[in-house]
Amino acid sequence: MTQEILQVSPLPPFMMNALHEADYIVHDHTHIKDPGALSKVTAIVGTGAAKVDKKLLMMLPQVKLIAICGVGYDGVDVAAAKEKGIVVTHTPGVLTDDVADLAFGLLLSIGRRIAQADKFVRNGDWVDDEFALMHQVSGARLGLVGMGRIGRAIAKRAAAFDMRIAYCGREAKADLPYTFYEKVTELAAQVDYLVVAVPGGDGTQNLIDASVLQALGTKGYLINIARGSVVDQPVLVQALKDKTIAGAALDVFWDEPIIDPELRRLPNVVLTPHIASATVETRQAMAALTLGNLQAFYAERALLTPVPECKLI
């Protein structure tokens, strides 16, 4: 029996090719050609940007799986899915190194003002002026908001730069030698670079607020490779304008791909277009794991990577 799937966000070509090669019928949610397709769909597939709410699930009576090609799934109403006996899967682990690489790249970029230096050279400013001195990154103090897979991978890279590492999270990790702080404000007050590496969702919305930025201070930098929702963006913009903090490097935003024009104009920021996991190798691995979850589901085998809330379903 050919299975029918609903695609709820754009997928990379190799993911689409894999779905078709597996003989799944894939319906695009933006233009469903078959009026009766909604009653035939048994699984939903999307990226970490996918929005799957209770209203959509009510329109899909046969769906029993939501397969997210990404580690984040804050756009999925997991509680509503569980009420309907739907399991949600994602793709943790396979993108850890790429996200950690970009996080540290952004840290170096904002700390050593690499993007600004590039602009300085391109504009011909070097002919008549000298580029302002910066502060050393090696040996600086790093704070990690979140110490899961990605936080640990960032810490590993920071250790190679002899950075002094501290972190905060739900609880202290007994196997880590780094200083633990219970509150983000306490952590921010003790570091030069504050890297956000927590999941999105209601539990972390606007976690980085005015009090955190105030604690980070005029010599501190914020790096966000988590979710745009974790940072109170208007407050951050104002803090950057007022130089409450020294600068920020951001890969995620509130309304991406629409970016606040003020952010784009500020000289003390580095901006990237949500590319933390955007390498060929990692996106292929994510696609393969998503397909593996789909195949396990239809073969009635144990799912490879259900989200934590669904591990007991």
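We now turn to the structure provided with this report. (Residues numbered from 1 in each chain as written. Predicted model: local features only at pLDDT ≥ 70, side-chain atom pairs only at ≥ 80, totals over all residues. Heavy atoms only, no water.)

**A closer look at the overall build of the chain**
Part 1: Helix and strand counts for the chain come out as eleven helices and twelve strands.
Part 2: Taken against the 2.2 N^0.38 rule, which gives 20 Å for 313 residues, the C-alpha radius of gyration of the chain at 21 Å falls within 12% of a compact globule.
Part 3: Considered along the principal axes of its C-alpha atoms, the chain spans approximately 70 × 50 × 30 Å.
Part 4: Evaluated residue by residue, the chain yields a buried proportion of 49% over its 313 residues.
Part 5: Excluding contacts between residues fewer than 6 apart, the proportion of contacts in the chain whose partners are at least 24 apart in sequence is 58%.
Part 6: Counting only carbon and sulfur atoms, one obtains 53% of the accessible surface of the chain, whose full area is about 15,900 Å².
Part 7: Of the side chains in the chain, 30 bear a positive and 35 a negative charge, and the two mean positions are spaced by 2 Å. (Helix = DSSP H or I, 4+ residues; strand = E, 2+ residues; numbered from the N terminus. Rg over C-alpha atoms; globule rule 2.2 N^0.38 Å. Buried < 20%, exposed > 50% of the residue type's maximum accessible area, 1.4 Å probe, protein only. Contact = heavy atoms within 4.5 Å. Areas by Shrake-Rupley, 256 points an atom, 1.4 Å probe, with all protein chains shown as cover. Lys, Arg positive; Asp, Glu negative; His and termini not counted. Charge placed at Lys NZ, Arg CZ, Asp CG, Glu CD.)

**Re a negative patch on the surface**
Part 1: A grouping of Asp 125, Asp 128, Asp 129 and Glu 130 is seen on the molecular surface, where their side chains present a negatively charged patch.
Part 2: Counting through the fold element by element, Asp 128 comes out in the loop between α5 (114-122) and β6 (141-145).
Part 3: Asp 128 sits in the exposed class, given a relative accessible area of 71%. (Patch = residues over 30% accessible without salt bridge, like charges linked within 9 Å, V, L, I, M, F, W, Y side chains within 5 Å. Salt bridge = Lys/Arg side-chain N within 4 Å of Asp/Glu carboxyl O.)

**Section: the layout of surface pockets**
Part 1: Its volume calculated, the second largest pocket comes out at about 480 Å³.
Part 2: Lining of the second largest pocket is provided by 20 residues; of these, Arg 113, His 135, Thr 218, Tyr 221 and Ala 246 occupy positions nearest its centre.
Part 3: Per-class residue counts for the lining of the second largest pocket are seven nonpolar, eight polar and five charged. (1 Å grid on protein atoms, 1.4 Å probe; cavity = no way out; pocket = protein on both sides within 12 Å on 5 of 7 lines; lining within 4 Å. Points joined across faces, edges and corners; volume = space filled by probe spheres on them. Nonpolar A, V, L, I, M, F, W, Y, C, P; charged D, E, K, R; others polar.)

**So, the sheet that holds strand β11 (residues 247-250)**
Part 1: Pairing in this open sheet of seven strands is parallel, and the strands run β8-β7-β6-β9-β10-β11-β12 from one edge to the other. Two strands close off the open sheet at either side, each with one partner strand: β8 (179-181) and β12 (269-271). The mean angle between the axes of side-by-side strands here comes to 20°, regardless of whether they run parallel or antiparallel.
Part 2: For strand β7 (residues 164-168) and β8, the ladder comprises three bridges, and the chain directions are parallel. Bridge assignment links Tyr 167 to a residue of β8, and that residue is Phe 180. (Pairing = 2+ DSSP bridges. Axes fitted to C-alpha atoms, helices over the stretch in contact; angles between N-to-C directions.)

**Focus: empty space enclosed by the protein**
Part 1: Evaluated as defined, the whole model comprises one cavity of 30 Å³ or more.
Part 2: In this structure, the largest cavity encloses a volume near 40 Å³.
Part 3: For the lining of the largest cavity, a count of residues per class yields six nonpolar, three polar and no charged.

**Concerning the nonpolar core**
For soluble globular proteins, nonpolar side chains are generally found buried alongside one another.
Part 1: The biggest cluster of nonpolar side chains holds 34 residues, and the ones touching the most others in it are Leu 142 and Ile 154.
Part 2: Every element with two or more residues in this core is listed here: α4 (96-111), β6, α6 (149-160), β7, β9 (193-196) and β10 (221-224).
Part 3: Here the element with the most residues in this core is α4; it accounts for eight residues.
Part 4: Those residues in contact with Leu 142 that lie beyond four places of it in its chain are Leu 107, Ile 154, Ala 158, Met 163, Arg 164, Ile 165, Ala 166, Val 191, Tyr 193 and Val 195.
Part 5: One finds Leu 187, Leu 194, Val 231 and Leu 266 within the second-largest nonpolar core, a separate group that totals 30 residues. (Core = buried A, V, L, I, M, F, W, Y, C linked by side-chain atoms within 4.5 Å.)

**Some thoughts on the environment of Pro 234**
Part 1: Looking at where Pro 234 falls in the secondary structure, it is placed in helix α9 (residues 233-242).
Part 2: Sequence separation between Pro 234 and Ala 210 is 24 residues; the distance between their C-alpha atoms is 9.8 Å.

**Re the sheet that holds strand β2 (residues 25-28)**
Part 1: With parallel pairing, five strands are arranged side by side in an open sheet as β2-β1-β3-β4-β5. The sheet terminates laterally at β2 and β5 (87-89), the two strands that pair on one side only. Within this sheet the neighbouring strands show an average axis-to-axis angle of 25°, counted without direction.
Part 2: The pairing of strand β1 (residues 4-7) with β2 spans four bridges and is parallel.

**Points about the packing of α4 against α5**
Part 1: Where α4 meets α5, the closest approach of the two axes is 5 Å, and the angle between their N-to-C directions is 55°. It follows that α4 is oblique to α5 by the angle criterion. The residues of α5 that touch α4, namely those facing Leu 108, Ser 109 and Ile 110, are Ile 114, Ala 115 and Gln 116.
Part 2: The residue inventory of the contact of α4 with α5, partitioned by class, reads four nonpolar, two polar and no charged. (Parallel < 35°, antiparallel > 145°, perpendicular 65-115°, else oblique.)

**A word on the pairing of β10**
Part 1: On β10, burial covers both faces: Tyr 221 and Ile 223 on one face and Leu 222 and Asn 224 on the other are all buried.
Part 2: Of the strand pairs in this sheet, β9 and β10 are connected by four bridges, and their pairing is parallel. Bridge pairing in β10 links Leu 194 to Leu 222.
Part 3: In terms of handedness, the path from β9 via helix α8 (residues 210-216) over to β10 forms a crossover that is right-handed.
Part 4: With four bridges joining them, β10 and β11 adopt parallel strand pairing. By the bridge assignment, Ile 223 is partnered in β11 with Ala 249.
Part 5: Between the parallel pair β10 and β11, the chain is carried across by α9, and the sense of this crossover is right-handed. (Right-handed = clockwise from strand over helix to strand, strands pointing away.)

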